[in-house]
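Structural overview for review
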Amino acid sequence: MIRRAVLLLLASLLLCAGAGQAQAAGYRYWSFWDRDGDDWVYATQGPSTVRPSDGDVQGFRFAVSEDSAVAARPRGTADFKTICAKTPAQDGKKRVALLIDFGTTTDAPSVETPPAPRTACAQVSPDATTADALATVAKPLRYDTNALLCAISGYPEKGCGEQVAGKQRPSAQQKDTSDDGPSLGLVAGITVVAVLGAAAIRQVRRRGQS
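Note that this is a predicted model, so its numbers are computed, not measured. (Residues numbered from 1 in each chain as written. Predicted model: local features only at pLDDT ≥ 70, side-chain atom pairs only at ≥ 80, totals over all residues. Heavy atoms only, no water.)

**Some words on the pattern of salt bridges**
Keep this limit in mind: Salt bridge, as used here: a side-chain nitrogen of Lys or Arg that lies within 4 Å of a carboxyl oxygen of Asp or Glu. Numbering of helices and strands runs from the N terminus; a helix is a DSSP stretch of H or I covering at least four residues, while a strand is a stretch of E covering at least two. Three exposure classes are used, based on accessible area relative to the maximum for each residue type with a 1.4 Å probe and protein chains only: buried under 20%, partly exposed in between, and exposed over 50%.
This model, assessed by the stated rule, comprises three salt bridges. Between D101 and R61 there is a salt bridge, with its nearest N and O atoms 3.7 Å apart. Taken together, the residues span a long stretch of sequence, with D101 in strand 4 (residues 94–101) and R61 in strand 3 (residues 57–65) at a distance of 40 residues. For the residue pair D101 and R61, the accessibility class agrees, reading buried in each case. A salt bridge links R75 to D101; the nearest nitrogen and oxygen atoms lie 2.7 Å apart.

Below, the structure is given as structure tokens:
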């Protein structure tokens, strides 16, 4: 009976530890967004295929994300009138407001420091894509062989959509408070299981002595 209780206790501890260590991997990449009113909406097409209209606002954010549902949104002012205030309308051209957010040091590749977020007003031909607009204001751009956008204004210098294992990344609304140690919930769970297991063992021993 005592041996069985000990085995159950160990199994519970292993389950708690496994739950705490199960962390989804993320990917370090430039995400692409459309501005819809006051909200950012994850773009359903890539910048090389989207043809924005005059007056559109679009954004780019460099970050580590698991998927589009929790991808970090661009930060800062994203108003067309503000961004394109100094770029007057021109016949035969369209203006596209762009917000480029290079992300935080938490998501930056090692030994690289992200530039500050910035905005730009691209004035391009009516049939230009977002990639065309971006190329006029944020060179150099870097793409991989599959046309995935890897770098804007030369950032980052290397890498392209690589997988980043380890810490669980927060969503756009969450603050990254994780570290390399066990979570508080994991420690608390193990403590509770240990207390319950010890109590069970004492109870078994008392029954055996009675």
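**With respect to empty space enclosed by the protein**
So the rule is basically this: Of the grid points, spaced at 1 Å and generated over the protein atoms alone, those admitting a 1.4 Å probe that cannot get out make up cavities, while open sets with protein on both sides within 12 Å along at least five of seven lines make up pockets; any residue with an atom within 4 Å of a point is treated as lining. Grid points are joined across faces, edges and corners, and a volume is the space filled by probe spheres set on the points. All residues other than Ala, Val, Leu, Ile, Met, Phe, Trp, Tyr, Cys, Pro, Asp, Glu, Lys and Arg, Gly among them, are scored as polar; the first ten of these are nonpolar and the last four charged.
Tallied over the full model, the rule gives one cavity of 30 Å³ or more. Of the pockets and cavities examined, the largest cavity occupies roughly 40 Å³. Forming the walls of the largest cavity are R28, Y29, F62, L149, C150, P156, K158, G159, C160, G161 and E162. Going through the elements one at a time, strand 1 (26–36) and strand 7 (149–151) are the ones with two or more residues in the lining of the largest cavity. A breakdown of the residues in the lining of the largest cavity according to their chemical character gives six nonpolar, two polar and three charged.

**Focus on the nonpolar core**
Definition in use: Think of a nonpolar core as a cluster: buried Ala, Val, Leu, Ile, Met, Phe, Trp, Tyr and Cys residues, connected wherever their side-chain atoms sit within 4.5 Å. We call two residues in contact whenever any of their non-hydrogen atoms come within 4.5 Å of each other.
W30, F60, L98, I100, L134 and I152 are the most contacted members of the largest nonpolar core, which totals 20 residues. Listing elements by their share of this core, those giving two or more residues are strand 1, strand 3, strand 4, strand 5 (118–124) and helix 3 (130–137). Take this core: its biggest share by element is three residues, from strand 4. In this structure W30 touches F60, R61, F62, I100, D101, F102, L149, C150, A151, I152, Y155 and P156, once residues within four positions along its chain are discounted.

**Side note on the packing of aromatic side chains**
We apply this condition: When the centres of two rings from Phe, Tyr and Trp lie within 6.5 Å, Trp using its six-membered ring, the rings pair. Their planes under 30 degrees apart give stacked, over 60 give edge-to-face, and anything left gives tilted.
Applying the stated rule across the entire model yields six aromatic pairs. Each ring, one from W30 and one from F102, has its centre 5.5 Å from the other, and the planes form 80°; the classification is edge-to-face. Placement of the pair is W30 in strand 1 and F102 in the loop between strand 4 and strand 5, with a sequence separation of 72 residues. For W30, a relative accessible area of 6% gives the class buried. You can call F102 buried: its relative accessible area is 2%. Site record: aromatic cluster; members linked through ring pairs are W30, F62, F102 and Y155.

**Points about the state of the cysteines**
What counts, and what does not: Cysteine sulfur atoms that come within 2.5 Å of each other are treated as a disulfide pair.
Throughout the structure, instances matching the rule amount to two disulfides. For C150, the disulfide goes to C160, at an S-S distance of 2.0 Å. Handedness here is read from the sign of the S-S torsion; for C150 and C160, about -70°, the answer is left-handed. Of this pair, C150 sits in strand 7 while C160 sits in the loop between strand 7 and strand 8 (163–164); the two residues are ten residues apart in sequence, bridging distant segments of the chain.

**Describing the environment of A151**
Mapped onto the secondary structure, A151 falls in strand 7. Separated by 49 residues in the primary sequence, A151 and F102 place their C-alpha atoms 9.7 Å from one another. Look past the residues within four positions of A151 in its chain and what remains in contact with it is W30, P140, L141, R142 and P156.

**Regarding unusual backbone geometry**
With the exception of glycine, most residues fall at negative phi, and the peptide bonds are largely trans. P140 follows K139 through a cis peptide bond whose omega is -5°. As for its position among the elements, P140 is in the loop between helix 3 and strand 6 (142–143). In this structure, P156 follows Y155 across a cis peptide bond, with omega equal to -5°. Tracing the chain through its elements places P156 in the loop between strand 7 and strand 8. Its identity is not glycine, yet A147 carries a phi of approximately 70°, on the positive side. Overall, the relative accessible area of 49% leaves A147 in the partly exposed class. Even without glycine at this site, S153 takes up a positive phi of about 55°.

None of the figures reported here should be taken as evidence of function without further support.
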